[in-house]
Amino acid sequence: MIVQLQENILANDLQTICEHIQSIDYQTSRVKTQRGDYIVAIGKKEFDIRKIGGLNGVKDIHRVSDTYKLVSKKWKVDSTYIDLGDGVTIGNELTIIAGPCSIEGEEQVRKTIDHLRQHNVRIMRGGVFKPRTSPYSFQGMGLDGLKMWSQIARENNIKIISEILAVDQIEKMHEYVDIFQVGARNSQNFTLLHELGKVDKPVMLKRGISGTLDELLHSAEYIFSNGNERLILCERGIRTFEKAYRNTLDLNAVPILKEKSHLPVIVDPSHGIGVRRFVKDMALAGLAAGANGVIIEIHEQPQKAISDAQQTIDFRNSTVLIEQLHKMHALLKSF
């Protein structure tokens, strides 16, 4: 059960609400976010919710049987959308996020931003702290690279999303990013998720390499329950027995997540299939499956990219894909 509390609720009213809920053997947890004030109640006993809904200080009340409650669509029917400011939103229109796997230098950043601006793509992806499988692979440009990238992006009215690896990076990165990205390896790093719940910037949460959809939603619940409602779910492919491509992009996940949760869903075809020549097809398929947008890896010269070259498309193919995504979006809206 979720009880939405009225703004500036009186302490006595809050106490009365909690006592009524606890009297029917439900455990209560108060969750206060930047957007709302809630009591999450856990229990199994059947009761008439009108008895609590009519109490002073209650704005609304909802039955939610899912173990992930705040991210569930059972209490919030209207889909959530994320407002990044400057007319950039996620969830209510087509969202295209593009950029290199790794930030490599100023020239690369400027060329990529010029390309994005030509096609009205307002969010750039890029890694400065890279969780690489091999300790000998390029680990990213770090905070200095992020500062450089952020300055150029802001000069060009481009929002940026970058992966965070550890709790101690939150404060360092906060000023320079518009969206924190939690990668597949950290999808169940609950210490990190707990702390990201305290920040006032959106978080895009990627599905774990072998994670179920319920595990993804429970991870999102960790962030929401600690105060941050501005969440985005990302299907990026899961590890299976198939070896013909990098991962198995689970497009079944898109309609299921849209049915289960009110949060926007983004598809990552670059990591999902990991084969450059198929990224375009899988991006379009993700949109057709109902995703709110895609995140793709692009580079002026993919063959020279320091990381993930095999799944990165060049600017020419990026142009074609962006045009086709807009056509697909318009077609889907007409149905």
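Time to look at the sheet that holds strand β4 (residues 58-62). Here 4 strands make up an open sheet; going across it, the order is β2-β3-β1-β4 and the pairing antiparallel. Of all strands in the sheet, those bounded by a partner on one side alone are β2 (27-32) and β4. Neighbour-to-neighbour, the strand axes of this sheet turn through a mean angle of 20°, independent of strand direction. One ladder, built from 6 bridges, connects β2 with strand β3 (residues 37-42); its direction is antiparallel. Its bridge partner lying in β3, Ser 29 is registered against Val 40. Those strands touched by helix α1 (residues 11-22) are β1 (2-5), β2, β3 and β4, and its axis lies near 15° from that of β3.

Looking now at the environment of Leu 14. Relative to the elements of secondary structure, Leu 14 occurs in helix α1. Note on Leu 14: relative accessible area 15%, which makes it buried. Sequence-wise, Leu 14 and Phe 224 are 210 residues apart; in three dimensions their C-alpha atoms are separated by 21 Å. In contact with Leu 14, other than residues within four places in its own chain, are Leu 5, Ile 9, Arg 30 and Ile 39.

Turning to the side chain of Arg 125, a few remarks are in order. Mapped onto the fold, Arg 125 is located in strand β8 (residues 123-125). Judged by its relative accessible area of 4%, Arg 125 is buried.

Within the secondary structure layout, Ile 2 lies in strand β1. A relative accessible area of 0% means that Ile 2 is categorised as buried. With 72 residues separating them along the chain, Ile 2 and Lys 74 place their C-alpha atoms 10.0 Å apart.

This next bit is on the pairing of β3. With 5 of 6 residues buried, β3 lies mostly within the body of the structure. Pairing of β1 with β3, which is carried by 3 bridges, proceeds in the antiparallel orientation. Its bridge partner lying in β3, Ile 2 is registered against Val 40. What sits between the antiparallel neighbours β2 and β3 is a turn of 4 residues.

What follows deals with the packing of helix α3 (residues 106-118) against helix α11 (residues 315-333). Two elements in contact, α3 and α11, have axes whose closest approach is 11 Å; the angle formed by their N-to-C orientations is 25°. Comparing their axes, α11 and α3 come out roughly parallel. Of the two elements, α3 crosses α11, and the hand of that crossing is right-handed. Residue-level contacts link Lys 111, Thr 112 and His 115 of α3 to Phe 315, Ser 318 and Thr 319 of α11.

So, on to the nonpolar core. Generally speaking, nonpolar side chains in soluble globular proteins are found buried as a group. By size, the foremost hydrophobic cluster in this structure holds 72 residues, and its most contacted members are Phe 180, Leu 196 and Leu 325. Sort the elements by how many residues they give to this core and helix α7 (residues 213-225) lands first, with 6 residues. With residues up to four places along the chain from it excluded, the contact list for Leu 196 reads Ile 164, Ile 170, Phe 180, Val 182, Val 203, Ile 223 and Asn 228. Judged by nonpolar contacts, the second largest core, of 18 residues, contains Met 1, Ile 17, Ile 52 and Val 58.

Basis of the calculations
- Residues numbered from 1 in each chain as written.
- Predicted model: local features only at pLDDT ≥ 70, side-chain atom pairs only at ≥ 80, totals over all residues.
- Heavy atoms only, no water.
- Pairing = 2+ DSSP bridges.
- Helix = DSSP H or I, 4+ residues; strand = E, 2+ residues; numbered from the N terminus.
- Axes fitted to C-alpha atoms, helices over the stretch in contact; angles between N-to-C directions.
- Contact = heavy atoms within 4.5 Å.
- Buried < 20%, exposed > 50% of the residue type's maximum accessible area, 1.4 Å probe, protein only.
- Parallel < 35°, antiparallel > 145°, perpendicular 65-115°, else oblique.
- Left-handed = near helix turned anticlockwise from the far one by under 90°.
- Core = buried A, V, L, I, M, F, W, Y, C linked by side-chain atoms within 4.5 Å.

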